[in-house]
Amino acid sequence: MNVPLNYLLALSGVLFAIGVVGVLVRRNAIVIFMSIELMLNSANLAFIAFARSFAPAAEALRGHVLVFFVIAVAAAEVAVGLALIVVIFRTKKSIDVDQVSSLKG
Amino acid sequence: MLSSEIVGGSGLFSIAPLIIAFPILGLLINLIFGRRSNERFVGIVASSAIGLAFVVAVTQFVALLGQPEGVSVHVADWITIADFSVPWSLKVDTLSATMMLMVTGVSTLIHIYAIGYMHDDVRFQGDPGRFTRFFIFFNLFVAAMMILVTANNFLMMFVGWEGVGLCSYLLIGFWYEKGADGIGNAVAGKKAFVTNRIGDFGFLIAMFLIFGAVGSLQFDEVFHWAHEHGLANEGVITAITLFLLLGATGKSAQIPLYVWLPDAMAGPTPVSALIHAATMVTAGIYMIARNQALFAVSEFSSSLVAIVGGATALFAATIAVAQFDIKKVLAYSTISQLGFMLAAVGIGAQVASMFHLVTHAFFKALLFLSAGSVILGIEHGHHHLEHDSHGGDEPFDPNDMRNMGGLRSRMKTTFWVYLIGALALSGVPPFAGFFSKDEILADAVQENTLVYILLAVAAFFTAFYMGRQILMVFFGAARSEAAEHAPENPPLITIPLSLLAFGAVIGGALNLPGLHSLTDWIEHTLHVHVSEFNLQVAAISTGLALLAIGLAWLIYGRKPLTRGQADPLRKWLGPIFVGMENKWWVDEIYNAIIIRPYIALAAFLADVVDWRFWHDWFHDTVLARSFRLGTQWLSSGFDAHVIDGAVNGLGSLTKGAAARLRLVQTGYVRNYALALFVGVLLILSYFLFV
């Protein structure tokens, strides 16, 4: 099965756009979080697509390695982010990000 | 110092710098060791330093016999600026050698005399510590005088010129705490110094003019220039010579600056003999003789020199007639004799002038030292009386001739040498003064009748006042207890007197008519003419001298003064005698027309201009008030408004900007995310489309 590169990039762009819109319009912290994960994975998809199309056989793993890094960092980020959300929920009894505006100038 | 190089000449000339080095060495030894040693050591060091300088002078004389045109001995470079240079080099020629021999010779004798004299002087005046200081000053004087006479350029001569002036000042004020009101001697020293400064000013201006005209201060170059371009530059040479004459009138005590010399008698007697009779005061004469090439160009200056000399000779001689202080008579006599020498250089008789300078050095030093011997004798007598019985507390002046009389039998040696000196000074043949004075008169007859008349009358007065002095001091009966007990002085004092007396007797042999040895000698350095012996002139001056002495005998000898009797001349001359006695009120006139206006001007400048105008008005009022106003404005106007305004404005600007900018911080995390997203879009579009 040989999917053309453009299809993959288009899917990646759509996923990224959905992520951006999710971050900008939703107020639920969990959903924002998921949107961020969506953007990260759209980037992962683009990496894999480019690696498969352009890289010579000897260097084909470079794109995969980078993806693994992103996944690892995202996992760490999730751990920190979920912890923050738990703390926010405990103090505010809500995970609406607009409630957390005490840094207003 | 011996590393000197000679411009053409034999090796004997190379030791010439020692003539300055020995006196300096002597004074250094006394300066370092003098205080810890005794009088004998100090005296011997000082005298042998000068004695060695005399030996050096003799060697230079011997060297000059083989090479009479003289040499220039280069010692060191002194000032060198581009092509202008003033080296430190000695001019050894027949003229300077004459001065060297005379100065060191007479100085040696006076140094030896001073060992004896100062021993008693410091005892009577009560400060033995000053014995060393006296000899240090004395050696310093000889060193400075040697620099003056051996100078090869005007600047070096000026160094010596100032040096001797300084020593003169130091030694006049040697007993600075004595004299009228306890400061009389210090005032006399100051007067001498200030008067000399006026002359020095003339010398300096002359030097500036010479530098401006010639561009060099070397004697040889200046004289060569005067010789070549003299006629074209007569104006500037006249100015130079007139300023040089001003310098000479200061140093050689001529009208109008002679007033310091009589007061200079405040110094110890050896000082009067050495500095204020024999050597320093002849510096002006020597300077003018040295500058013959310049004076020869300017007819006007030469005749003015002659007139000033002649007038001074007569004027001072009249004052000497009515003085009672034994040293004052000699002081005015010195001024008068210097007038003779100055007149001689003025009429172009340089040789006659130098001749009289040398013989005068002998007999005037002799007279002063003998006068010192007389004063010491009187002081001894006075001292003796005070010790014995009644404490005579009334002020007693050992210099006053009215307190003397009849010393002939008590002080035999002193009397005889004094008589020889007086006869030599009066111009009685065959003593030294006769030949030298006669040569001046013989030249004056040919050159300038007015000067001759002035000098001839002055010579008459000279013989008269010397006759008067001898008769008052040595003849008749003693007019005070002190004079009755005055003893003769020890040989340390009388032996130098005898040697000087010998010089005063035979000094005329230097330039006997027909032989002209001095004329031939000086001829190698200056333009000279042989003065013919004029029998008529000689007869007239001898006649005048004898007449004057006879007159003096008629008045003072036939019927000697008795104790407390007034001078018989006072009765006969009336107001003229009062005038002569009061020195024609010249000091008072100077006081009225120069010193008092000067002090008034100084007081005006100090009180009104400096204190009231500058200090009170300008500083305290103008400056202080404008400062106060300025600071007031700065503090209230500038500081409060401009500086504070700037700082406060900056503060409120920051505050205002912050108040507006804080609105950007909404605290909504989605706003930040949107801003981030827009920013990324902008950057991406920049990369894509630009």
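Residues numbered from 1 in each chain as written. Chains lettered and ligands numbered in written order. Predicted model: local features only at pLDDT ≥ 70, side-chain atom pairs only at ≥ 80, totals over all residues. Heavy atoms only, no water.

J.: Hey, could you run me through the overall build of chain B in this one?
T.: Within chain B, the secondary structure is distributed over 27 helices and three strands. Relative to the 2.2 N^0.38 estimate, which gives 26 Å for 690 residues, the radius of gyration of chain B is 36 Å and therefore markedly larger than a compact globule would have. By its C-alpha atoms, chain B is 145 × 65 × 50 Å across when sized along the principal axes. Counting over 690 residues, chain B shows a buried share of 52%. (Helix = DSSP H or I, 4+ residues; strand = E, 2+ residues; numbered from the N terminus. Rg over C-alpha atoms; globule rule 2.2 N^0.38 Å. Buried < 20%, exposed > 50% of the residue type's maximum accessible area, 1.4 Å probe, protein only.)

J.: Can you help me understand the confidence of the model for chain B in this one?
T.: Here chain B averages 89 in pLDDT, and 97% of its residues register 70 or above. What the predictor reports for the complex is a pTM of 0.77 with an ipTM of 0.86. (pLDDT = per-residue confidence, 0-100.)

J.: For this particular structure, what's the right way to read the nonpolar core?
T.: Across soluble globular proteins, nonpolar side chains have a tendency to be buried as a group. All names here are of chain B. In terms of nonpolar packing, the biggest core is built from 205 residues, with Leu294 and Leu407 touching the most fellow members. It is helix H15 (residues 350-388) that provides the largest number of residues to this core, a total of 18 residues. For leucine 407, the contacting residues outside a window of four places in its chain are Val374, Ile378, Val473, Phe474, Ala483 and Ala486. (Core = buried A, V, L, I, M, F, W, Y, C linked by side-chain atoms within 4.5 Å. Contact = heavy atoms within 4.5 Å.)

J.: Is there a simple way to explain empty space enclosed by the protein in this structure?
T.: Taking a probe equal in size to a water molecule and rolling it over the atoms shows the remaining empty space. All names here are of chain B. For the coordinates displayed, the defined rule picks out four cavities of 30 Å³ or more. In this model, the largest cavity occupies a volume close to 120 Å³. As for the largest cavity, its lining consists of 13 residues, and the residues nearest its centre are Phe435, Glu439, Asn511, Pro513 and Phe533. For the lining of the largest cavity, the leading source of residues is helix H18 (residues 432-447), giving four residues. Here the residues of the lining of the largest cavity sort into six nonpolar, four polar and three charged. (1 Å grid on protein atoms, 1.4 Å probe; cavity = no way out; pocket = protein on both sides within 12 Å on 5 of 7 lines; lining within 4 Å. Points joined across faces, edges and corners; volume = space filled by probe spheres on them. Nonpolar A, V, L, I, M, F, W, Y, C, P; charged D, E, K, R; others polar.)

J.: Help me understand the interface of chain B and chain A in this model?
T.: One widely used convention gives an interface's size as the accessible area the parts lose upon coming together. Each partner contributes to the interface: chain B provides ten residues, whereas chain A provides 13 residues. Roughly 990 Å² of surface becomes buried between chain B and chain A when both sides are summed, with 63% attributable to carbon and sulfur atoms. Where chain B touches chain A, the interface holds one salt bridge. Across the pair Asp98(A) and Arg670(B) runs a salt bridge, and its minimum N-O distance is 2.8 Å. (Buried area = accessible area lost by both parts, 1.4 Å probe. Salt bridge = Lys/Arg side-chain N within 4 Å of Asp/Glu carboxyl O.)

J.: Hey, could you run me through the packing of helix H6 (residues 184-214) of chain B against helix H7 (residues 219-229) of chain B in this one?
T.: Residues and elements named next belong to chain B. Contact geometry for H6 and H7: axes closest at 11 Å, N-to-C directions at 65°. With respect to H7, the axis of H6 lies roughly perpendicular. For the pair H6 and H7, the sense of crossing is left-handed. Here H6 contributes Ile210, Ala213 and Val214 to the contact with H7, which in turn contributes Glu221, Val222 and Trp225. Tallied by class, the residues present in the contact of H6 with H7 amount to five nonpolar, no polar and one charged. (Axes fitted to C-alpha atoms, helices over the stretch in contact; angles between N-to-C directions. Parallel < 35°, antiparallel > 145°, perpendicular 65-115°, else oblique. Left-handed = near helix turned anticlockwise from the far one by under 90°.)

J.: What's the story with helix H2 (residues 29-54) of chain A in this structure? I'm lost.
T.: All names here are of chain A. Taking 1.5 Å per residue, 26 residues should reach 38 Å; H2 reaches 38 Å between its end C-alpha atoms and fits that length. Residues of H2 that are buried: Ala29, Val31, Ile32, Phe33, Ser35, Glu37, Met39, Ser42, Asn44, Ala46, Ala49 and Ala51. Near the N-terminus of H2, the side chain that reaches the backbone nitrogen of isoleucine 30, with its oxygen 2.9 Å away, is that of asparagine 28. (Expected span 1.5 Å × (residues − 1). Polar contact = N/O pair within 3.5 Å; in protein donor to acceptor, adjacent residues only side chain to side chain.)

J.: For this particular structure, what's the right way to read the pairing of strand S2 (residues 71-81) of chain B?
T.: Side-chain positions along a regular strand alternate between the two faces of the sheet. Residues and elements named next belong to chain B. The pairing of S2 with strand S3 (residues 84-92) spans nine bridges and is antiparallel. Within S3, the position partnered with valine 73 by the bridge is leucine 90. Turn length for the S2-S3 hairpin, with the two strands adjacent in sequence and antiparallel, is two residues, and the turn residue alanine 82 shows positive phi of about 50°. (Pairing = 2+ DSSP bridges.)

J.: Just checking my understanding: could you explain the pattern of salt bridges for this structure?
T.: Opposite charge on two side chains lets them pair, provided their charged atoms get close. Residue and element names in this part refer to chain B. This structure, assessed with the given rule, holds 16 salt bridges over all chains. In this structure, glutamate 177 engages lysine 178 in a salt bridge whose closest nitrogen and oxygen atoms are separated by 3.9 Å. Since its relative accessible area comes to 24%, lysine 178 is described here as partly exposed. Measuring nitrogen to oxygen at the nearest pair gives 2.9 Å for the salt bridge that ties aspartate 567 to arginine 468. With aspartate 567 in the loop between helix H23 (535-557) and helix H24 (568-573) and arginine 468 in helix H19 (residues 449-474), the pair connects residues that are 99 residues apart, well separated along the chain.

J.: In this structure, what is going on with the layout of surface pockets? I would like to understand it.
T.: Considered as a void within the structure, the largest pocket measures approximately 1,700 Å³ in volume. If you go around the largest pocket, you meet 50 residues; those closest to its centre are Gly184(B), Asn185(B), Ala188(B), Asp263(B) and Ala266(B). Mapped by element, the contributors of at least two residues to the lining of the largest pocket are helix H3 (94-125), H6, helix H9 (260-263), helix H14 (326-346), H15 and helix H26 (586-661) of chain B. Sort the elements by how many residues they give to the lining of the largest pocket and H6(B) lands first, with nine residues. Along the wall of the second largest pocket there are 32 residues; nearest its centre are Val23(A), Ile32(A), Ile36(A), Val669(B) and Ala673(B). Looking at the lining of the second largest pocket, the elements that each hand over two or more residues are helix H1 (5-25), H2 and helix H3 (61-92) of chain A together with helix H27 (669-689) of chain B. With nine residues, H27(B) is the single largest residue contributor to the lining of the second largest pocket.

J.: What am I meant to see in the side chain of Lys251(B) here?
T.: All names here are of chain B. One can find lysine 251 in helix H8 (residues 234-251). The charged side chain of lysine 251 is buried without a salt bridge, its nearest counter-charge being aspartate 200 at 4.3 Å. The residues contacting lysine 251, other than those within four sequence positions of it, are Trp161, Val164, Gly165, Asn196, Asp200, Trp260, Met280, Val281, Ala283 and Gly284. (Lys, Arg positive; Asp, Glu negative; His and termini not counted.)

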